[in-house]
Amino acid sequence: MPTLLVQLTSSGGTAPLIEGATETDLTITASYTGTSSKAIVPVFQFDAAVFAQQGNIDSTTPGTYVLRLRTKPNLAASNYTGQVGFQLCQENPCATIYPGSSQNASYAVKVALSDWGTFQRNNAHNAYVHVTLDPSKFAKAWTWSRPPGDSEPVGGINTVATGKGMVYITKDIYFGQADLFALKESDGSQVWHYASGNLASEGPPAYANGTVYFSSTASSQGSRVTAVDAAAGTFKFSMPFSAQWPAYLAPTIQGDSVLNTSGQVSSYSAIDGKLNWSVAPGAYDVTTPAADANYVYQYGTAAQGNLSVLDRLTGATVATIKDPFFPGSSGYSEFSAAMLGSSGNVIAFSGGGFSGRAASNSEQYESRVLVNYDVKKKAVAWRTEGTYKTHPALGNGVIYAASATQLDAISETDGKVQWSWKLPATDTGFHRNVVVTDNLVFVSSDTTVYAIDLKTHLPVWQYAAAGNLAISGGGILYITTGATGSDGKLVAIKLM
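## Points about the state of the cysteines
Taken as a whole and judged by the stated rule, the model has 1 disulfide. A disulfide bridge connects Cys-89 with Cys-94, and the sulfur atoms are separated by 1.9 Å. Here Cys-89 and Cys-94 share a disulfide; its torsion about the S-S bond, -90°, makes the bridge left-handed.

So, in structure tokens, the structure goes:
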């Protein structure tokens, strides 16, 4: 059998990727010298879980074969290394290999986590982190406390946002000094500090595309969303709106739109802060819109329970779906936000809540049912049998939510509970929010943060603190400590 000498080269495959968001191309070129009276068939081997072939093998140049690959969309955050193999054979499937033709080209594709940009991580508010974690590697990295010197009565901090290796923190205040802090994720040291002066309230931050956003209200009731340069900590622009002593969740940034809810739902330009539109469905405060490329989704009013679907570009009402389970409201706050499902559906708590505290980081007293809305049919698909306390998470077709003493895994398809985990008797209740990865669900009790294995349904890690949870692009779990209200401290746990 004749020897066919092959030279294999590769190009591409090195662009930085972000979990679930981007793709990169890899081109493998194989050239050979030599001849044979038998058939010469090129055979490439590659990992089909990582790459998809783009078109047919290009053989227009004699003696050369070009394979074009593209990473599959929605790859989990991880380091993907391996080799693309090549052989020249007399047939396919390959049984007879030409000597000298077997070659390999190595690749290394790194997919990083996306950052925690807003309430429950993203514009869908699903708190899903597409990564598999090893609990044996979890380790406390550092802690941070709100600086002293402000005598206002709340004394807390809000849930955090992260971006480009930094974590952003605002103070939870009631007529006090409003501040925004940027810390290095690596060691918790302060990079910059932005002071807003004495305000009535300050909401949690959001991060997107190099800008930090937060809502606030002055003592005169003048309210605004402020945009700050995330690298330098300098003012960019503000976006005013009308409100009556509201508390907030983080704004939602979708494309070139900055979305905020407090009585009305407003859209601003992320470029210069100009108002795009503002509508008044009578929405609660302590909430934020969910959004996708086409629509904005907002639940609720203090008078009735509706899911409003708005055109993202114009604010025009596309659909209003009534909540038939609306229990009435004990206040003017929602204490959560609509969560986008995986098949054109939206999940939201039924009814509002009440905490008795003028604080953005406070937790409501109520447990509520979750309702799944079919947006296309403009109808309710199902409601949960039980009521839940925590902000839910959604990953791989399963909703995770905790009642007073039980964490439930709920089918997104029909709302049925698939499995449950009971809180240990040493704890008195679940609080705050749920975060889910591909193998773990994180949840907080009144004393402890637990990581529950999704296969065994048992805890595999715990940390002795309660609080709001967030996972950054740097693989840091942040705990804004406090079971029902912030105590002004932040704990960083290195996960990766």
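## Regarding the environment of Tyr-450
Mapped onto the secondary structure, Tyr-450 falls in strand S37 (residues 449-453). Note: C-alpha distance between Tyr-450 and Phe-235 (215 residues apart in sequence) is 38 Å. For Tyr-450, the side chain forms a polar contact with the side chain of Asp-427, separated by 2.6 Å.

## Observations concerning the pairing of strand S19 (residues 235-241)
Looking at chain direction, strand S18 (residues 223-229) and S19 are connected through 6 bridges and run antiparallel. In the sheet register, Thr-226 faces S19, and the bridge partner there is Ser-238.

## Quick notes on the sheet that holds strand S28 (residues 345-349)
The strand order S27-S28-S29-S30 describes an open sheet built from 4 strands, whose pairing is antiparallel. The strands lining the two open edges of the sheet, one partner per strand, are strand S27 (339-340) and strand S30 (379-383). Pairing of strand S29 (residues 370-374) with S30, which is carried by 4 bridges, proceeds in the antiparallel orientation. Residue pairing for S30: Tyr-373 is matched across the bridge by Val-380.

## A word on empty space enclosed by the protein
On inspection of all chains with the given rule, the structure shows 4 cavities of 30 Å³ or more. Volume-wise, the largest cavity comes out at about 290 Å³. Forming the walls of the largest cavity are 25 residues, and the residues nearest its centre are Phe-119, Thr-159, Leu-249, His-391 and Asn-468. Within the residue set of the lining of the largest cavity, elements represented by two or more residues are strand S35 (430-436) and strand S39 (467-471). Tallied by class, residues from the lining of the largest cavity come to 10 nonpolar, 12 polar and 3 charged.

Rules behind the numbers
Residues numbered from 1 in each chain as written. Predicted model: local features only at pLDDT ≥ 70, side-chain atom pairs only at ≥ 80, totals over all residues. Heavy atoms only, no water. Disulfide = S-S within 2.5 Å. Helix = DSSP H or I, 4+ residues; strand = E, 2+ residues; numbered from the N terminus. Polar contact = N/O pair within 3.5 Å; in protein donor to acceptor, adjacent residues only side chain to side chain. Pairing = 2+ DSSP bridges. 1 Å grid on protein atoms, 1.4 Å probe; cavity = no way out; pocket = protein on both sides within 12 Å on 5 of 7 lines; lining within 4 Å. Points joined across faces, edges and corners; volume = space filled by probe spheres on them. Nonpolar A, V, L, I, M, F, W, Y, C, P; charged D, E, K, R; others polar.

Keep in mind that these numbers describe shape and distance, not what the molecule does.
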